[in-house]
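Residue-level listing of the chains:
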Amino acid sequence: MKKNYRSIVLSIVAPLLIVIFPGMAMTQDFNEAGYFGSGVAKIKNGNVSDARKNAFIDAQEKVLVAAVGSQLSLREISKYFLMLKKLFFEKPDIYLQRFKLISENTLYDIYQVNIQGFVQQDMLRQELESLGILSSERKKTKVLIMIAKQDLVSANETAWWESGHQSVSSEASIFNENLSNYFKDSGFDVIDPSVETARQTSSISPGVDADPEEVARFADAFGADIVVIGRYELKKIESRRLASVESIQCAISARVVSVRSAFVLVQAATYKLGMHVDELTATRLAINNACTHLAGQMVEKIYLNLRNSNYYEFRLTLDKGSEKNDVEKWLASLKRLLPAVVPRSIEKKEGVWIVKADISMKRVDLVQKILNPGVEGFSSKLISADGEVIEMKIVPKQ
């Protein structure tokens, strides 16, 4: 049935694009945002005025089809045709800057107009990217590193984010610099907190007791996507065989927290030795070895978890006076439509209902399902889709 449906859509779209694309190519020499649109409408009961109006509307919609067709493949258009039709093709007034009339004529009971339309390409592209249909250049994940040093003698911790600890030890600086370099080399954008340190201080614990939500809130002020939070310890190891060689052990445990969802993505621990006749050199070797191993444990898992992230946050606007029960009904209908939905929480902030859920679907497929066939019992209007955040206007059907 699904294959038949796609075949029907493809049979409708393909001839349409074949007719439009030559005109589109012709107009590119005149203006790179110009697209040809040929609109037709039936003259009913001799009403030429209405037919002309409808033909112009049809022509503008064809311009949008051509503009979207220049950004997407035929396969993508056929797959998401109903959603594209609802969000783009039927709303030319949003994306069309202006159009130029090329010709118009009547043939028996048909009115035809040919126009050249000029589309706001940047806006159109941004909307397609936000929906996840059009892939944008991958932005680097921003990471904030929050690693504290623990003194084994006094059990005190030194952390840059704590009040009064802006000046950290040389070992801590070496550790954070090493770990930062390994994350940079792995394609991450590492945030330098030194500018904000004086203003942003907190008593967040760096160990297993750290509250992920508290950590996420703190890191959000720095614009981070993820946080690496943990602690490390340095310990001198006695060696009977090599009395003249200093052996330093660096042990570290850390977790990676997603700032958006406040969930722990990765947890890792390691310890490594550094050996040298000079104690400072041995310390630096131990830190370097520990950082290398820790980053190796984390990086691949971070990318895997981010790529397979199935966290979504719906921001729903309902009519004034709506209750939590109304949102729960919508969520129940969404679960009937998509049985794989796993709700996390429902809360209201500044008049907007925020629903957090796990859904193992691509954003574009999720939006298409919500718009068509739709959530039973509700009319859903998409406001925006950005990353895992989807904003919608929800109206219960009477």
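Everything numeric in this text was worked out from a predicted model, so none of it was measured.

Rules and cut-offs
Residues numbered from 1 in each chain as written. Predicted model: local features only at pLDDT ≥ 70, side-chain atom pairs only at ≥ 80, totals over all residues. Heavy atoms only, no water. Pairing = 2+ DSSP bridges. Helix = DSSP H or I, 4+ residues; strand = E, 2+ residues; numbered from the N terminus. Axes fitted to C-alpha atoms, helices over the stretch in contact; angles between N-to-C directions. Contact = heavy atoms within 4.5 Å. Salt bridge = Lys/Arg side-chain N within 4 Å of Asp/Glu carboxyl O. Buried < 20%, exposed > 50% of the residue type's maximum accessible area, 1.4 Å probe, protein only.

Describing the sheet that holds strand β3 (residues 110-119)
Phase 1: Read from one edge to the other, the open sheet built from three strands follows the order β1-β3-β2, with strand pairing classed as antiparallel. Of all strands in the sheet, those bounded by a partner on one side alone are β1 (34-42) and β2 (96-107). With direction set aside, neighbouring strand axes in the sheet form an average angle of 20°.
Phase 2: As defined by bridge partners, β2 adjoins β3 across ten bridges and the pair is classed as antiparallel.

Here's the deal with the environment of Leu72
Phase 1: Looking at where Leu72 falls in the secondary structure, it is placed in the loop between α2 (48-69) and α3 (74-79).
Phase 2: Counting along the chain gives 56 residues from Leu72 to Leu128, while the straight-line C-alpha distance between them is 9.2 Å.
Phase 3: When residues no more than four places from it in sequence are discounted, the contact partners of Leu72 are Ile77, Leu84, Leu128, Ile133 and Leu134.

Examining the pattern of salt bridges
Phase 1: By the definition in use, this model includes twelve salt bridges.
Phase 2: The shortest N-O distance in the salt bridge between Lys62 and Asp58 comes to 3.2 Å. Of the two residues, Lys62 and Asp58 both sit in helix α2, four residues apart, roughly one turn of that helix. Comparing Lys62 with Asp58 shows no difference in burial state: the two are buried.
Phase 3: Between Lys236 and Glu246 there is a salt bridge; the shortest N-O distance is 3.2 Å. Within this pair, whereas Lys236 is found in strand β7 (residues 226-237), its partner Glu246 is found in strand β8 (residues 246-258), the two being separated by ten residues in sequence.
Phase 4: Lys236 gets classed as partly exposed once you look at its relative accessible area, which sits at 44%.
Phase 5: The network of salt bridges with shared partners includes Lys236, Glu246 and Glu279.

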